[in-house]
Structures are given as structure tokens and as C-alpha cells.
Amino acid sequence: MASSIRVRATSNGDTTEVQALIQHPMDSGFVKDAKGEIIPPHFIQVLTFEYDGKPVFVADWGGGVSKDPYVKFAFKGGKKGDDLKVSWVDNKGATDTTTAKIQ
Amino acid sequence: MNITTSEFLANRRLVLKGAGVAALIGLGVIPFDVPQALAAANDKYPEEAFKQKNEADAIKALYGKTAEPSDKVKMDAPEIAENGAVVPISATTTLSDVTSIAFLVSENPISLIASYKIPAGTLPSVANRIKMAKTSNVTVIVEAGGRLYSASKEIKVTVGGCGG
């Protein structure tokens, strides 16, 4: 199965800019479906980016983050060809992990 | 020189943390693991903060203190969001020693949207997309040097994103 995480990390030699797009419903638990029944909450709680064994960015999310969430940040350092590890865990305990090469 | 209470407390916390690290090393834990162990303790998902309905309670649950408005916190957001389900918002700051950035929407059923931890070496700038139930004030909180700074802006929503 294809990963739920799409990451693009680009280094300009000084800093690495990271953009990530994740496929996830991000149901807040406040929305009703067509039958008028509440769709139970189902959202990513923690999204972590690791470089060189250390977290460079950690997102704590609630149900207020949009469906198929997008996030962008940048960190100092990071060499072209190096690995950036991305992983998430949602409120139901599901997880996904991927590793992207810095470009 | 004036040492304010919060600075004093922050220093005290650092001292306590240092003492903890020293104790762990003393117990024979490999020093390498210590920063990660500390990080893990700080990295706990703020469950309580994400349950608070109103903005002030969420900030209190997340940080245990209040924020002061600062023009050094910049928020880039639309004036009018046509679709409340996807509102692109980014925040950046010229403050130094930033440790976290959080986004809150006061009129949402749960005010806290996201809280980002910014380790040393990561730039204090983040972009994301959030849901808004209706027209509301959106607040960005920046934690820098142990203090909280904020910026707010009203965003008009024409179609809500929380099933309203």
C-alpha cells in the first residue's frame, strides 16, 4: 500500500524546507453524516519529523486541522541525500511512517 | 536588573531539570539517552488542552500561563475564507528562543487546533490548513524564552467547516 505521507524536503545548503501532505480524514467528532449521525472523531494526534535521530519538528494536532493535512516548516542544516523520517499516530492508535531523501 | 517571577520560575525549572539529568547520569543511565528521555517527557500529547472549549482555558491547559499580544508575531491568513473546511494559515516570528507555536480558533467547538514544538535549530515559522466552524478570531501563540506572545486576527467564513 502506498504511504499516506507525501514529503518534500529541499536543502538550499543552509536550511532544509519541508512540506508534508498526509492522507487522513481528520474527523473532528462534530460533523454529522447524511443520516444525521455523528461521525466519530478520527484524527492524527502527533506528527513527528526526525533528522539524524533527533526530532526537528513535532506537531500535536486536534480535530480542527483540515482533512488531508498539510504542514510546512524549515530547519537549519540537513544535507542533500540525507534521510528525513516522518511518522504519525492518530487517536485510534493507527500509525504510518515514511523516510524521505532531502533533495 | 529586574528578574521577573516567570523568569525566575523558568530558571528554577532549568535547574531542576539539570538536577534530574545529573541524577540519571549518577544512576548509570547512558548520558546519550538523557536528552531523548527528557524530550519524551515533554513531548506528551496535550490531551487536556485539546478538550478545552474556550481559548483561554486551552492556553492555560497547554502552557499554564497567559499570553501578551506582540507585533513580533506575524500571522498570514485570508480576510475571508470561502471554505471553512480548509483555511490556510501561516505564522512566523522575529522572536528568538522559540520553543513552540500554537493555533487557536475561538469560535470552534474545540478552540485549540494545533501546537507545534520547535526544537533549537528549527526556524520559528509554520504553515498549515485549519477548519473553522464560522467567522472567528484566530490566535497564534508563540512561546519564546519561556514567555507567551500572541497575535490575533478575525477571519470571515462564508461556509463553515465543522458541519454547522
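The rules we used
- Residues numbered from 1 in each chain as written.
- Chains lettered and ligands numbered in written order.
- Predicted model: local features only at pLDDT ≥ 70, side-chain atom pairs only at ≥ 80, totals over all residues.
- Heavy atoms only, no water.
- Salt bridge = Lys/Arg side-chain N within 4 Å of Asp/Glu carboxyl O.
- Helix = DSSP H or I, 4+ residues; strand = E, 2+ residues; numbered from the N terminus.
- Buried < 20%, exposed > 50% of the residue type's maximum accessible area, 1.4 Å probe, protein only.
- Contact = heavy atoms within 4.5 Å.
- Buried area = accessible area lost by both parts, 1.4 Å probe.
- Polar contact = N/O pair within 3.5 Å; in protein donor to acceptor, adjacent residues only side chain to side chain.
- Pairing = 2+ DSSP bridges.

### A word on the pattern of salt bridges
Where side chains of opposite charge bring their charged atoms close, a pairing between them can arise. Inspection of every chain in the model, using the stated rule, returns 9 salt bridges over all chains. The shortest N-O distance in the salt bridge between Lys101(A) and Asp83(A) comes to 2.6 Å. With Lys101(A) in strand β7 (residues 95–101) and Asp83(A) in strand β6 (residues 83–90), the pair connects residues that are 18 residues apart, well separated along the chain. On the accessibility criterion, Lys101(A) (52% relative accessible area) is exposed. Residue Asp83(A) is classed as partly exposed on the basis of its relative accessible area of 38%. The residue Glu107(B) makes a salt bridge to Lys134(B) at a minimum N-O spacing of 3.9 Å. Taken together, the positions of Glu107(B) in the loop between β5 (98–105) and β6 (112–117) and Lys134(B) in the loop between β7 (125–130) and β8 (136–144) put the pair 27 residues apart, joining distant regions of the chain. The exposure class assigned to Lys134(B) is partly exposed, which follows from its relative accessible area of 46%.

### Section: unusual backbone geometry
Residue and element names in this part refer to chain A. For Asp68, which is not glycine, the phi dihedral falls at a positive 50 degrees. Position of Asp68 among the secondary structure elements: in the loop between β4 (54–61) and β5 (70–76). The partly exposed category is assigned to Asp68, whose relative accessible area is 28%.

### Considering the side chain of Ser70(B)
All names here are of chain B. Checked against the element boundaries, Ser70 lands in the loop between β1 (68–69) and β2 (73–76). We classify Ser70 as buried; its relative accessible area is 14%. When residues no more than four places from it in sequence are discounted, the contact partners of Ser70 are Tyr149, Ser150 and Ala151.

### Concerning the interface of chain B and chain A
Taken together, the contacts link 31 residues of chain B with 31 residues of chain A. Both sides of the chain B and chain A interface together cover about 2,400 Å² of buried area, and 55% of this is carbon and sulfur. Together, Tyr45(B), Arg129(B) and Lys131(B) form the three largest contributors to the area buried by chain B at its contact with chain A, with a combined 26%. Joining chain B to chain A, the criterion identifies 1 salt bridge. In this structure, Lys117(B) and Asp60(A) form a salt bridge, with 2.7 Å as the shortest nitrogen-oxygen distance. Linking chain B with chain A are 17 residue pairs in polar contact (both at pLDDT 80 or more). The biggest single contributor to the side of chain B that touches chain A is β7(B), with 6 residues. Taken together, the 4 bridges between β4(A) and β6(B) define a ladder with antiparallel strand orientation. Note that in β6(B) the partner of Asp60(A) across the bridge is Ser115(B).

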